[in-house]
Amino acid sequence: MKIAIAGSGYVGLVTGTCLAELGNDVVCVDIDKEKINKLNKGQVPIYEPGLDELIKRNKKEGRLSFTTDLKDAVKKSDIIFICVGTPPKDNGEADLSHVEAAARTIAEVMDKYKVIVEKSTVPVQTGEDVARTIKNYNKHNVKFDVVSNPEFLREGSAVNDFLNPDRIVIGADSEKAINMMKELYKPLKAPILVTNIKSAELIKHASNSFLATKISFINAIANICEKTGADVEKVAEGMGYDKRIGKAFLNAGLGYGGFCFPKDAEAFIRIAEKLGYDFKLLKAVQEINKEQKELFVKKIEKSLWILKKKRIAILGLSFKPNTDDMRFAPSIDIINALQKEGANIQAYDPEAMENAKKILKGVTYCKDAYEAAKGADALIILTEWNEFKELDLKKIKSLLNNPLIIDGRNIYGPAIMKKEGFKYISIGR
Ligand code: UDX
């Protein structure tokens, strides 16, 4: 099938590339000329395992191209995916202006039947606004259908998530559009849920909010563990054996970050509010998530007493491993709070330092974990990159000024760390 992707960010680029990999002719569009130039030269603007290789292969085989010309891409396509950003406004609501602009452009140029797919995360009922916009600007008066097909891609494993999904959700009212979407996803052999547009839109916000709830719940339990001497890792394991609960997403730590959970939960609270429902549960989930970082800073303060002029080594800056994404990363709030108290930060992250430099000023960026540890009064782990799990602990101890490790991701066992001669503080243990 012929596909156009409006918006080549994380979601658009992964979706477009993977649809090309499935044998479709895909053109990815973006207004950012520099990004498109880079992509045309074979340079991938984001760090996403496996994506580079897939882009190169599909480009070479002529199934994948990149352009800034949305109009031309729309004319040549049967299905157009709207993958533009829906960033949060100051009040937490999603800014849908890019979605509206894309819908308008699509409407103005389409000259035969098209399926227009909402891939971006949008509030429930946005499909109606998209359909109305397209109807209003439908210059050639052609037939069209709007479909909601939310993405469930995790950064760092987005390619794998696309090609091996738990489910595919298709929200549509027309048989023709449903059949085209089913055909498109047929090679993936995943369960396909067909429903109406509003339910599909809601599935996305409900899923992300439920996952955020799991994380805040286990972080709340971690705080009770710390007050009682219980071990949150064991509590989560014991809970997780129950199939109704499941083991996934019960890792206590610094709370959720990234561009999806914090913004989607906030947007969902606003959506509910507008619909006349006070989503108290989700408000508490967000509050616990914020508190979790504040409690972690208090732990550092308690261990070091005075932070002024202390040298603090930070391992990990990205919001989670295997990504260079710094958006809503817990490291930002934590480092800002430590700097405010006068601490000197020496940090290392395997991939996110270039992005971090734009956000976190006054930080000494180091070439590896050992350079960061050198002369530090404490070593703080903020992201669970695999390489931090395999550190030469004897070397780390000899480099630190004070053998104190405060681990926000529970990557080490307390007993081993004690044996290695560290004062080791973690979450909920
Ligand atoms: C998420 C959803 O998983 C994905 O389906 C959606 O499309 C986009 O948002 P992503 O933000 O890439 O994906 O990251 P994910 O791996 O889900 O982790 C989100 C955050 O939760 C991270 O900050 C992570 O550190 C945190 N987390 C996750 C925990 O603190 N504990 C856990 O047990 C799991």
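Criteria and cut-off values
- Residues numbered from 1 in each chain as written.
- Predicted model: local features only at pLDDT ≥ 70, side-chain atom pairs only at ≥ 80, totals over all residues.
- Heavy atoms only, no water.
- Pairing = 2+ DSSP bridges.
- Helix = DSSP H or I, 4+ residues; strand = E, 2+ residues; numbered from the N terminus.
- Contact = heavy atoms within 4.5 Å.
- Axes fitted to C-alpha atoms, helices over the stretch in contact; angles between N-to-C directions.
- Near = heavy atom within 4 Å.
- Polar contact = N/O pair within 3.5 Å; in protein donor to acceptor, adjacent residues only side chain to side chain.
- Areas by Shrake-Rupley, 256 points an atom, 1.4 Å probe, with all protein chains shown as cover.
- Nonpolar A, V, L, I, M, F, W, Y, C, P; charged D, E, K, R; others polar.
- 1 Å grid on protein atoms, 1.4 Å probe; cavity = no way out; pocket = protein on both sides within 12 Å on 5 of 7 lines; lining within 4 Å.
- Points joined across faces, edges and corners; volume = space filled by probe spheres on them.
- Domains from an automatic or database assignment.
- Parallel < 35°, antiparallel > 145°, perpendicular 65-115°, else oblique.
- Left-handed = near helix turned anticlockwise from the far one by under 90°.

A. Highlighting the sheet that holds strand 14 (residues 423-425). In spatial order, the strands read 11-10-9-12-13-14; together these 6 strands make up an open sheet with parallel pairing. Each edge of the open sheet is held by one strand with a lone partner, namely strand 11 (364-365) and strand 14. Bridge analysis of strand 13 (residues 404-407) against strand 14 gives 3 bridges, and the strand direction is parallel. Across the sheet, Ile-405 pairs through a bridge with Tyr-424, a residue of strand 14. Running over the sheet, helix 12 (residues 280-304) touches strand 9 (311-315), strand 12 (378-381), strand 13 and strand 14 and is turned about 170° from strand 13.

B. Inspection of the site of the ligand at higher detail. The immediate surroundings of the ligand are formed by 19 residues, with Glu-155, Asn-251, Gly-257, Cys-260 and Lys-320 found nearest. For the ligand, an oxygen atom lies 2.9 Å from a polar atom in the side chain of Lys-320. Within the contact set of the ligand, an oxygen atom lies 3.4 Å away from a side-chain nitrogen or oxygen of Arg-409. Considered on its own, the ligand offers 660 Å² of accessible surface; in the complex 92% of this is hidden by protein. If you tally residues by element for the shell around the ligand, the top one is helix 9 (residues 197-228), at 3 residues. Taken together, the residues of the shell around the ligand break down into 9 nonpolar, 4 polar and 6 charged.

C. Region of the structure containing empty space enclosed by the protein. Tallied over the entire structure, the rule returns 3 cavities of 30 Å³ or more. Contributing to the lining of the largest cavity are Thr-86, Pro-87, Pro-88, Gly-92, Glu-93, Ala-94, Thr-121, His-205, Lys-263, Asp-264 and Ala-267. Looking at the lining of the largest cavity element by element, the count peaks at 3 residues for helix 11 (residues 261-274). Broken down by class, the residue content of the lining of the largest cavity amounts to 4 nonpolar, 4 polar and 3 charged. Two domains each provide a minimum of three residues to the lining of the largest cavity, namely domain 1 (2-195) and domain 2 (196-429).

D. Representation of the pairing of strand 8 (residues 192-195) within the structure. Sheet topology note: the strand 7 (residues 168-171)/strand 8 ladder contains 4 bridges and is parallel. Pairing of Val-169 across the sheet is with Leu-193, part of strand 8.

E. Structural detail: the packing of helix 9 against helix 10 (residues 232-240). Between helix 9 and helix 10, the shortest axis-to-axis distance is 9 Å and the interhelical angle comes to 135°. One finds that helix 9 runs oblique with respect to helix 10. Relative to helix 10, helix 9 is oriented so that their crossing is right-handed. Residues Phe-217, Ile-218, Ile-221, Ala-222 and Cys-225 of helix 9 touch helix 10, and the partners they reach there are Val-232, Val-235, Ala-236 and Met-239. Split into classes, the residues belonging to the contact of helix 9 with helix 10 amount to 9 nonpolar, no polar and no charged.

Limitation: the analysis is restricted to geometry and does not speak to function.
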